[in-house]
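# Descriptive structure summary
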Amino acid sequence: MTAWISYTAVATVLVLASTALFFFTLTRGALLMRGALGRLTHEAAHVYPIYSNLRLIRLVDWQPIIAAILLFQYSHLVSLIVHGLRRDDLQGKQVLITSCAFGNVMPRVVEAAVKSGAQHVLVADIIQNELDHAQTKLGSYAGQVTYVQDNAVALKQPDASVHANVMFFLLHELPHPLKNQALDEAMRVLAPGGKLYLGEFHKPSPLLLRALSWTYFKVFEPYGLALWDSHDPVDYLQAMPGVECQRHTAFFGNFQVIVANKPLA
């Protein structure tokens, strides 16, 4: 029995270490390598291989994995956004999804938008492979969804062209100067009275969870910690004239869904 427990413990440690190494290599490790090679000037240089290589996208985009990464709060966070969209009057209007996301958030968002009367859903992402992968999830809505390769910090969409904009766990991956640019663009394309739905990490309350989250960001997501203080999305959004925000937190404050309301003209 003792030997079996020892083997199990060793195997568990090896699996966890291998998983951590895998994700480090494809996240911060990739950024460090690009920096060493002087390849951080391209507009998509901050995008991890795990979000750009189609084989890696298909490998990782598995609901149990994504749920585990978000400490099994994924469904709850998506539900907060979906419930908001279902209450919105989107009859004949356009909805934007700014940047593709893993898991089932996109099918659930599109379904909620369509049921609320949305005429059209636009999916924008800087990586074409992400758009190609997204189409495999949204086949049921082929006639109501358009895919466009676009940059969240410099969207091609006209001012006030959408009535709801969903951005799910994008900001923490953007270099700090780009975070505010993405929020500026997200609000620019919103029509008066429209809403931005933003899912992201948040500073947890318990000290132990905060320490673990801090370690996670330092190792894997170097741009994420700024959301705790210097680049708090609510602070930035509420500094815009007339914008009002509601922040909903989950899992001891470790995650948040922000709903930003653009004022009527």
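Check the entry above for the structure.
Here is a short report on the structure shown in this document. (Residues numbered from 1 in each chain as written. Predicted model: local features only at pLDDT ≥ 70, side-chain atom pairs only at ≥ 80, totals over all residues. Heavy atoms only, no water.)

On to helix α8 (residues 176-188). For α8, built from 13 residues, the straight-helix expectation of 18 Å at 1.5 Å per residue is met to within 8% by its first-to-last C-alpha distance of 19 Å. Three or more residues of α8 are buried, namely Leu 178, Lys 179, Ala 182, Leu 183, Glu 185, Ala 186 and Met 187. Next to the buried residues of α8 lie β4 (162-168), β5 (190-201), α10 (233-238) and β7 (255-261). (Helix = DSSP H or I, 4+ residues; strand = E, 2+ residues; numbered from the N terminus. Expected span 1.5 Å × (residues − 1). Buried < 20%, exposed > 50% of the residue type's maximum accessible area, 1.4 Å probe, protein only. Contact = heavy atoms within 4.5 Å.)

Turning our attention to the pairing of strand β2 (residues 120-125). The buried fraction of β2 amounts to six of the six residues, a majority that puts the element mostly inside the structure. Burial along β2 is two-sided: the residues His 120, Leu 122 and Ala 124 and Val 121, Val 123 and Asp 125 are all buried. Direction of pairing for strand β1 (residues 94-98) relative to β2: parallel, over a ladder of five bridges. The residue of β2 that forms the bridge with Leu 96 is Leu 122. Chirality of the crossover, the property in question, places the unit of β1, helix α6 (residues 105-115) and β2 among those that are right-handed. Alignment of β2 against strand β3 (residues 145-149), held across five bridges, turns out to be parallel. Within β3, the residue paired with Val 121 across the bridge is Val 145. Read from β2 through helix α7 (residues 128-137) to β3, the crossover connection turns out right-handed. (Pairing = 2+ DSSP bridges. Right-handed = clockwise from strand over helix to strand, strands pointing away.)

The next point concerns the nonpolar core. For soluble globular proteins, nonpolar side chains are generally found buried alongside one another. Ranked by size, the top nonpolar core spans 56 residues in total, and within it Leu 77, Ile 81, Leu 85, Val 105, Met 106, Val 123 and Phe 168 carry the most contacts. Those residues in contact with Val 123, other than ones at most four positions away along the chain, are Ile 97, Cys 100, Met 106, Leu 131, Leu 138, Val 145, Thr 146, Tyr 147 and Val 148. In this structure, Leu 122, Ala 186, Met 187 and Leu 190 belong to the second largest nonpolar core, which totals 29 residues. (Core = buried A, V, L, I, M, F, W, Y, C linked by side-chain atoms within 4.5 Å.)

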